[in-house]
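Chain and residue survey
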Amino acid sequence: LEVASDQFWKAPASSTGKYHNPIGLGEGGLVEHSRLVCRFACDALNFIGSFEREKFEIVISAGLLHDMCKNGTPLKWGQYTVAHHGELAAAFLAQLFDSKSMYQIIQQPKHPIRHILHAIQSHYARWAPSHVIGIEKSWPPTTQAVLWADYFASRKTIQSIKIDWSDVMKMK
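One structure accompanies this document, and this report is about it. In this text, all values refer to a predicted model and were calculated from it rather than measured experimentally.

**Some details on the packing of helix H3 (residues 53-65) against helix H6 (residues 114-122)**
Closest axis-to-axis distance for the H3/H6 pair is 9 Å, and the angle between their directions is 40°. One element, H3, and the other, H6, form an angle in the oblique class. The hand of the H3/H6 crossing is right-handed. Between H3 and H6, the contacting residues are Ile-58, Ser-61, Ala-62 and Leu-65 on the first element and His-115, Ile-116, Ala-119 and Ile-120 on the second. Of the residues in the contact of H3 with H6, the class split is six nonpolar, two polar and no charged.

**Observations regarding the pattern of salt bridges**
In total, this model carries four salt bridges according to the counting rule given. A salt bridge links Glu-52 to Lys-55; its shortest N-O distance comes to 3.5 Å.

**Remarks on the nonpolar core**
Residues Phe-8, Val-59, Met-68, Leu-117, Ile-120 and Val-146 are the most contacted members of the largest nonpolar core, which totals 38 residues. When contributions to this core are tallied by element, the ones reaching two or more residues are helix H2 (29-48), H3, helix H4 (85-98), helix H5 (102-106), H6 and helix H7 (141-154). Not counting chain neighbours up to four residues away, the residues in contact with Ile-120 comprise Ala-62, Leu-65, His-66, Gly-86, Ala-89, Ala-90 and Leu-93.

**Considerations on the packing of H2 against H7**
Where H2 contacts H7, the axes come no closer than 8 Å and their chain directions differ by 130°. With respect to H7, the element H2 is oriented oblique. Crossing geometry of H2 relative to H7 is assigned as right-handed. Of the residues in H7, those touching H2 at His-33, Leu-36, Val-37, Phe-40, Ala-41, Ala-44, Leu-45 and Ile-48 are Pro-141, Ala-145, Val-146, Ala-149, Asp-150, Phe-152, Ala-153 and Ser-154.

Cut-off values and rules
Residues numbered from 1 in each chain as written. Predicted model: local features only at pLDDT ≥ 70, side-chain atom pairs only at ≥ 80, totals over all residues. Heavy atoms only, no water. Axes fitted to C-alpha atoms, helices over the stretch in contact; angles between N-to-C directions. Helix = DSSP H or I, 4+ residues; strand = E, 2+ residues; numbered from the N terminus. Parallel < 35°, antiparallel > 145°, perpendicular 65-115°, else oblique. Left-handed = near helix turned anticlockwise from the far one by under 90°. Contact = heavy atoms within 4.5 Å. Nonpolar A, V, L, I, M, F, W, Y, C, P; charged D, E, K, R; others polar. Salt bridge = Lys/Arg side-chain N within 4 Å of Asp/Glu carboxyl O. Core = buried A, V, L, I, M, F, W, Y, C linked by side-chain atoms within 4.5 Å. Buried < 20%, exposed > 50% of the residue type's maximum accessible area, 1.4 Å probe, protein only.

In C-alpha cells:
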C-alpha cells in the first residue's frame, strides 16, 4: 500500500455516489470499502470452511489492494473509475513484485502472488471489459471470496457497519 496514490487514501469508493453505500462515500470511503471487502472475504472463507492461513492472507491482501488503481495508476489518478482498474492494479503489482506480466504470473501454479493477482484482476467480474472472463465456478475460493465480498461491500442496502476484526481468522 506504500505505492498507492495519495488520492487512494482520500477518495470515495464511488465518485458519483451511485454505486456504493454511505460507508464508501466521502473522504476515505475507498479505504473503508476496501476494509469491508477484507472482512466479508474472510467471512466467506469461514463460511465455506476454508481455514488455511494462506487463504486468509490472500483475501486480505487482495481486498486491500483490489481498488488501488480504481481511478488510474498511482502516478496518474483521475476523477472517475477506470473500467479496467482490476487489471491495471494487478499488472502494476506484478511489475512491482516480479517484473513479469500479470498473465505470466497467474499462469505459474507455484508463484507466491498468483492468487492475489487473480483475485484483484477478477474482482468486478460481470462489469469487467469483455476480455476478462466472467464468473467461473473453477475460480479458486480466494478469488470467489473477494469477488462476492466486493459486490456485497458496495451494496446500498448496507447503511452502516462496525467492523470487528477480533475473529477474522477462525483457523483450525
